[in-house]
Amino acid sequence: MAVEMGIWRINGSQPQRLVPSAMPLESMLEQYLSQDPSLLGDNLMIIGRQVRTPYNTYVDLLAMDVDGDVHVLELKRDKTPRDVVAQVLDYGSWISTLDRDAIIAVATEYLREPFEAAFGRAFDDAPVPDDINTDLELTVVASSLDPSSERIVTYLREFGVPINVVFFSFLEDEDRQYLARSWLAPAESADAVPSPGGTKKGKRAQWNGQDWYVNFGDGLGRSWEDGRKYGFISAGGGEWYSRTLRNLPEGARVNVYLPQRGYVAVGTTLRTAVTFDKAEVWIQGTWQSLASLPLQARYRHDREDSFGEDLAEYAIPVEWSVAVPEEEAYRETGMFASTHSACKLRQDFTLQKLADHFGLNRENP
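Below is a summary of the structure that appears in this document. (Residues numbered from 1 in each chain as written. Predicted model: local features only at pLDDT ≥ 70, side-chain atom pairs only at ≥ 80, totals over all residues. Heavy atoms only, no water.)

**Concerning the packing of aromatic side chains**
Just so we agree on the cut-off: For Phe, Tyr and Trp, where Trp contributes only its six-membered ring, two rings pair if their centres lie within 6.5 Å, and the inter-plane angle classes them as stacked under 30 degrees, edge-to-face over 60, or tilted in between. Elements are defined by DSSP. Helices are runs of H or I of four residues or more, strands are runs of E of two residues or more, and each kind is numbered from the N terminus. Throughout, exposure labels follow a simple rule: accessible area from a 1.4 Å probe, protein chains only, divided by the maximum for the residue type, with under 20% read as buried, over 50% as exposed, and the rest as partly exposed. Definition used: whenever NZ (Lys) or CZ (Arg) falls within 6 Å of the ring centre and also within 35 degrees of the ring normal, the charge is taken to sit over that ring.
The final tally for this structure, using the stated rule, is 17 aromatic pairs. Taking 5.5 Å as the distance between ring centres and 70 degrees as the angle between the ring planes, the aromatic pair formed by Trp224 and Trp320 counts as edge-to-face. Of this pair, Trp224 sits in helix α6 (residues 224–230) while Trp320 sits in strand β16 (residues 313–323), and the two are 96 residues apart along the sequence. This pair shows no difference in class: Trp224 is buried, exactly as Trp320 is. Both rings, one in Trp240 and one in Tyr241, keep their centres 5.2 Å apart while their planes meet at 80 degrees; by these two values the pair is edge-to-face. On the basis of relative accessible area, Trp240 is assigned to the partly exposed category, the value being 38%. The residue whose ring lies beneath Arg246 is Tyr314, and the NZ or CZ to ring-centre distance is 5.0 Å.

**A few points about unusual backbone geometry**
Residues other than glycine seldom take positive phi values, yet Arg112 does so here, at roughly 60 degrees. Within the element layout of this structure, Arg112 appears in the loop between α3 (100–111) and α4 (115–122). We note that Asp124 has phi near 55 degrees; this positive angle belongs to a residue other than glycine. Of note, Asp124 is situated in the loop between α4 and β6 (136–142). When its relative accessible area of 70% is taken as the criterion, Asp124 is described as exposed.

**Here we look at the pattern of salt bridges**
Heads up, the rule is: Salt bridges are counted wherever a side-chain nitrogen of Lys or Arg sits within 4 Å of a carboxyl oxygen of Asp or Glu.
Inspection of every chain in the model, using the stated rule, returns 12 salt bridges. Glu30 serves as the salt-bridge partner of Arg49, at 2.7 Å between the closest nitrogen and oxygen. Here Arg49 is found in strand β3 (residues 45–52), whereas its partner Glu30 is found in helix α1 (residues 25–35), with 19 residues between them in sequence. A residue is classified by how much of its surface remains accessible, and Arg49, at 32% relative accessible area, is partly exposed. A residue is classified by how much of its surface remains accessible, and Glu30, at 6% relative accessible area, is buried. Residue Glu313 is joined to Arg222 by a salt bridge in which the shortest nitrogen-to-oxygen separation is 2.7 Å. Residue Glu313 is found in strand β16, and its partner Arg222 is found in the loop between β9 (211–215) and α6; the two are separated by 91 residues along the sequence.

**Quick word on the side chain of Ser242**
What counts here: Note on contacts: a residue pair qualifies if any of its non-hydrogen atoms lie within 4.5 Å across the two residues.
Tracing the sequence through the fold places Ser242 in helix α7 (residues 239–246). Using a relative accessible area of 0% as the deciding quantity, one classes Ser242 as buried. Each residue touching Ser242, except ones within four places of it in the same chain, is listed here: Ala235, Gly236, Asp310 and Tyr314.

**Observations concerning the pairing of strand β7 (residues 163–173)**
This is how the line gets drawn: Strand pairing is assigned whenever DSSP detects at least two bridges linking the two strands.
Among the 11 residues that make up β7, 10 are buried, leaving the element largely enclosed by the rest of the structure. The pairing of β6 with β7 spans 5 bridges and is classified as parallel. Within β7, the residue paired with Thr139 across the bridge is Asn164. Strand direction decides the pairing type here: β7 and strand β8 (residues 176–183), joined by 8 bridges, are antiparallel. By the bridge assignment for β8, Phe168 is matched with Arg181.

**Points about the packing of helix α2 (residues 81–95) against helix α5 (residues 147–158)**
We count it as follows: Only the contacting stretch of a helix is used when fitting its axis, a line to C-alpha atoms as for every element, and angles between N-to-C directions run 0 to 180 degrees. Working rule for angles: under 35 degrees goes down as roughly parallel, over 145 as roughly antiparallel, 65 to 115 as roughly perpendicular, anything else as oblique. Each helix crossing is assigned a hand: it is left-handed if the near helix lies turned anticlockwise from the far helix by less than a right angle, otherwise right-handed if that turn is clockwise. Note on residue categories: nonpolar means Ala, Val, Leu, Ile, Met, Phe, Trp, Tyr, Cys or Pro, charged means Asp, Glu, Lys or Arg, and polar means any other residue, Gly included.
Look at α2 against α5: their axes get within 8 Å of each other, and the N-to-C directions meet at 25 degrees. Classed by the angle they form, the pair α2 and α5 counts as roughly parallel. Like other packed secondary-structure pairs, α2 and α5 cross with a definite hand, here right-handed. Listed contacts from α5 to Pro81, Arg82, Val85 and Leu89 of α2 are Ser148, Ser149, Ile152, Val153 and Leu156. A per-class count over the contact of α2 with α5 returns 6 nonpolar, 2 polar and 1 charged.

**Description of the sheet that holds β6**
Judged by pairing direction, the sheet is mixed, and its 6 strands sit side by side in the order β3-β4-β5-β6-β7-β8 without closing on themselves. Edge positions in the sheet fall to β3 and β8, since each has one partner strand and no second. Ignoring which end each strand starts from, the neighbouring axes of this sheet average 25 degrees apart. Each of β3, β4 (58–64) and β5 (70–75) is contacted by α3, which is oriented at about 95 degrees to β3, the strand it contacts most. In this fold α4 packs onto β3 and β4, with an angle of close to 130 degrees to the strand it touches most, β3.

Written as structure tokens, this is what we have:
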């Protein structure tokens, strides 16, 4: 059944319907959406406009959400309803073949600035996901669509094709103008079957094999000033926190981040993680017991038998290439950050920013 948008103005006790205008709406919608993609109701960032395909056709708009999924937006314009449905499916089949680097290249050309910085600004400093373009959303943008085409879209959605139609109506009320929106179907109803992009490979950022991100949760039980002074990183208080730290191998390059502040150090691990009571650090040419040093924080090591290994604090000795106080922490929009205690740092944007800021060699710690 065709979607119909109705809006009434209450004039006294008599409702008065606003009639959609005959203005050339669809020729203006591309501009509206490129300026404010929130008109679609989702938090999106436009990453391309009139994107040329290898087949000499042009995708009206490409957008991305905070999860790194790509949204293909195709306006009906003067195309027949069935043609626009076929068009958006064709574009989706092409976009699904693009790897992470290709998508970022399209976005960078349109944005004319580093993709990571634009992504962070659009999504409240969220880091770019490792996986990009894993799933697609295909959206036809129209002021109306014939019942036959609506049936086709509904049928495709039943088989898990991530396609939908958004309808916009332009209305005027004396000197005021309004834009009204409705969807053909709720977005969540298309997830009964995984979308075709869900099993694609090659969408994950490459890892250089040496750089790791470490979240040093400075607080009541842990002090970054201790870590900087004596050369170590630590995490614990639960398996979720210590497990990722225990994944770090000897010789890993660690990039240390203080939550809500920024990056404060880059160094090389000298050993693998052990519980804090057994940890040693390298000071002036000798190994010394970390727990015996005059530390500012307690690190859950004084009652190790009571806590057990699962809840214990773990530590790794590190030789710092650079380590600065908390007040000199460095951060820019788009740089990687995570709540994990440790994970592989794949984002080249962050690695290059750290190398430039701290004057480091990207190839050697």
